[in-house]
Amino acid sequence: MAIKVAIIGHFGGNENLVDGQTVKTKSLYQELKKNTDWKIHILDTYYKDKKPVKLAFELLWMLFTIKHIIILVSGNGMKFFFPILYIYSKVLRGNVYHDVIGGNLHDYVKRYPKYKKYLNSFRVNWTETDLLKRKLEDIGVINAEVIVNFRRKEMVSLKELDNKYEKPFKFCTFSRVSRDKGIDEAVKAIKAVNDIAGEDICTLDIYGPIDEKYKNEFFKTVEACKAVMYKGTIVSDEAVDILKQYYATLFPTHWDGEGSAGTVIESQFAGLPVIATDWHCNSEMIESGVDGVIYPGEEADTLKEAIIWIISQKDRMPEIKRKSRGRAEVYLPERALSLIISKITRMQ
């Protein structure tokens, strides 16, 4: 008899959303559908405010009829689902597999001490990084294991990386467009480099959904710098083909929830070096001076200096891009899937 599994997470309804949580949830569902004969039921938290009664009945049905539940939720979802799934695991003897979203779960545990009890009642908490696993262990969460934030996609071909790179050097950002993702900093750094050069030696294209509260300020910032353009959003399936035309990705994030960032993963599939803040697990994903730049660090103290440094490496760029592409191999789904499938199969 086929294993029955439920996945609780944000699937985005009928919308084609490109945020990291939705992409991760849909990627897991699609890979399990493709690689198992399991009967997989989904509970789409996108409908929590739109169809709350229907969602409640679906959840109740899952709790009493399905033995295995995978959950992928962020802050508000944790508050609602964790107490319910604690009872499901303790009273109904169900198996909960928590696929962690982002990189700040340890902060939630510190803020809400009951979360430690909830998390330890689950079969496993799959973190995206070793850093978060260690932070959870330090505060008493004893069942964390690392599963990378995987993607199923074709990498850029090696041949496409063997170009000569000349000015204007094309940079991009590929993330939610908000202040805490460092978009202001990226624009200012590009402008500063061009001011030093006395000409537009680099350009910046910005991709991603814009935070509503930031929209007016953002467009004023973009309009003030002619080397910067907003290019809309990119769905994950198109990311490699669009990103591969660029010289490097800028990722000056200071967002508290940053985990194994899709920005870095998608860029590495496209063979792009990423210039990123030394923030959360960025230095776990990027080897500074080899396949990207972490600042402040040996190569640069600021984003402006990091851009100048990577432009100075234009003759090495095919090698740097190849190494960035090589990093992406760890995010292919095969190993992560085998760990997930074997974990659930053993609990059957």
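Scroll up to find the structure.
None of the values given here were measured: they were computed from a predicted structure.

Colleague: I would appreciate a short explanation of a nonpolar patch on the surface in the present structure.
Modeller: Together, V53, F57, L60, F64, I87, V91 and L92 make up a nonpolar patch on the protein surface, roughly 740 Å² of accessible area in all. For the nonpolar patch, the element with the most residues is helix α2 (residues 52–65), which contributes four residues. In this fold, L92 is placed in the loop between α3 (75–90) and β4 (95–99). A residue is classified by how much of its surface remains accessible, and L92, at 36% relative accessible area, is partly exposed.

Colleague: Looking at this model, I keep getting lost on the nonpolar core. Mind explaining?
Modeller: Across soluble globular proteins, you tend to see nonpolar side chains buried next to one another. Judged by nonpolar contacts, the single largest core of 36 residues is most densely connected at F171, I275 and I307. Of all the elements in the fold, those that place two or more residues in this core are β7 (169–174), α7 (183–197), β8 (202–207), α8 (215–223), β10 (248–251), β12 (292–295), α12 (303–312) and α13 (317–327).

Colleague: Any chance you could explain the packing of aromatic side chains here in plain terms?
Modeller: Here the distance between the centres and the angle between the planes together describe a pair of aromatic rings. Counted under the stated rule, the structure contains 17 aromatic pairs. Where Y165 meets Y247, the ring centres are 5.7 Å apart and the plane angle is 65°; that geometry is what we call edge-to-face. Taken together, the positions of Y165 in the loop between β6 (144–146) and β7 and Y247 in the loop between α9 (239–243) and β10 put the pair 82 residues apart, joining distant regions of the chain. On the accessibility criterion, Y165 (12% relative accessible area) is buried. Summarising the aromatic geometry, the rings of Y214 and F218 are spaced 5.9 Å apart at their centres and angled 35° between planes, so their arrangement reads as tilted.

Colleague: How should the packing of helix α1 (residues 20–35) against helix α14 (residues 333–346) be read in this particular structure?
Modeller: Closest axis-to-axis distance for the α1/α14 pair is 11 Å, and the angle between their directions is 75°. When the axes of α1 and α14 are compared, the pair comes out roughly perpendicular. Taking contact as the criterion, the partners of L28, E31, L32 and N35 in α1 are, on α14, P333, L337, I340 and I341. The residue inventory of the contact of α1 with α14, partitioned by class, reads six nonpolar, one polar and one charged.

Colleague: Mind showing me how you'd approach the pattern of salt bridges here?
Modeller: Between side chains of opposite charge, a pair can form as their charged atoms come close. Counting across every chain of the model gives 29 salt bridges. The closest approach of N and O atoms between E31 and R152, which form a salt bridge, is 3.0 Å. Of the two residues, E31 is situated in helix α1 and R152 in the loop between β6 and β7; the sequence distance between them amounts to 121 residues. We classify R152 as partly exposed; its relative accessible area is 39%. Among the salt bridges present, the one from E199 reaches K167, with a minimum N-O distance of 2.8 Å. Here K167 lies in the loop between β6 and β7 and E199 lies in the loop between α7 and β8, a separation of 32 residues in the sequence. Taking relative accessible area as the criterion, E199 reaches 39% and is therefore assigned partly exposed.

Colleague: Is there a simple way to think about the sheet that holds strand β11 (residues 274–277) in this case?
Modeller: Either a parallel or an antiparallel arrangement is found when strands of a sheet pair, and the pairing is made through backbone hydrogen bonds. Strand order in the open sheet formed by six strands is β9-β8-β7-β10-β11-β12, with parallel pairing between adjacent strands. Two strands lie at the open edges of the sheet, namely β9 (228–230) and β12, each paired on one side alone. Between one strand axis and the next, the sheet turns by 20° as a mean value, whatever way the strands run. Relative to the sheet, helix α10 (residues 262–269) contacts β7, β10 and β11, its axis offset from that of β10 by approximately 175°.

Colleague: Whenever I open this one, the sheet that holds strand β5 (residues 124–127) confuses me. Can you help?
Modeller: With respect to topology, six strands assemble into an open sheet ordered β2-β1-β3-β4-β5-β6, the strand pairing being parallel. Each edge of the sheet is formed by a strand with only one pairing partner; in this case those strands are β2 (39–44) and β6. Going from strand to strand, the sheet's axes swing by 20° on average, the running direction of each strand aside. The sheet contact formed by strand β3 (residues 68–72) and β4 spans four bridges and is parallel. By the bridge assignment, H68 is partnered in β4 with N95. Contacting β5 and β6, helix α6 (residues 130–138) crosses the sheet at an angle of about 170° to β6.

The rules behind each value
Residues numbered from 1 in each chain as written. Predicted model: local features only at pLDDT ≥ 70, side-chain atom pairs only at ≥ 80, totals over all residues. Heavy atoms only, no water. Patch = residues over 30% accessible without salt bridge, like charges linked within 9 Å, V, L, I, M, F, W, Y side chains within 5 Å. Areas by Shrake-Rupley, 256 points an atom, 1.4 Å probe, with all protein chains shown as cover. Salt bridge = Lys/Arg side-chain N within 4 Å of Asp/Glu carboxyl O. Helix = DSSP H or I, 4+ residues; strand = E, 2+ residues; numbered from the N terminus. Buried < 20%, exposed > 50% of the residue type's maximum accessible area, 1.4 Å probe, protein only. Core = buried A, V, L, I, M, F, W, Y, C linked by side-chain atoms within 4.5 Å. Phe/Tyr/Trp six-rings, centres within 6.5 Å; stacked < 30°, edge-to-face > 60°. Axes fitted to C-alpha atoms, helices over the stretch in contact; angles between N-to-C directions. Parallel < 35°, antiparallel > 145°, perpendicular 65-115°, else oblique. Contact = heavy atoms within 4.5 Å. Nonpolar A, V, L, I, M, F, W, Y, C, P; charged D, E, K, R; others polar. Pairing = 2+ DSSP bridges.

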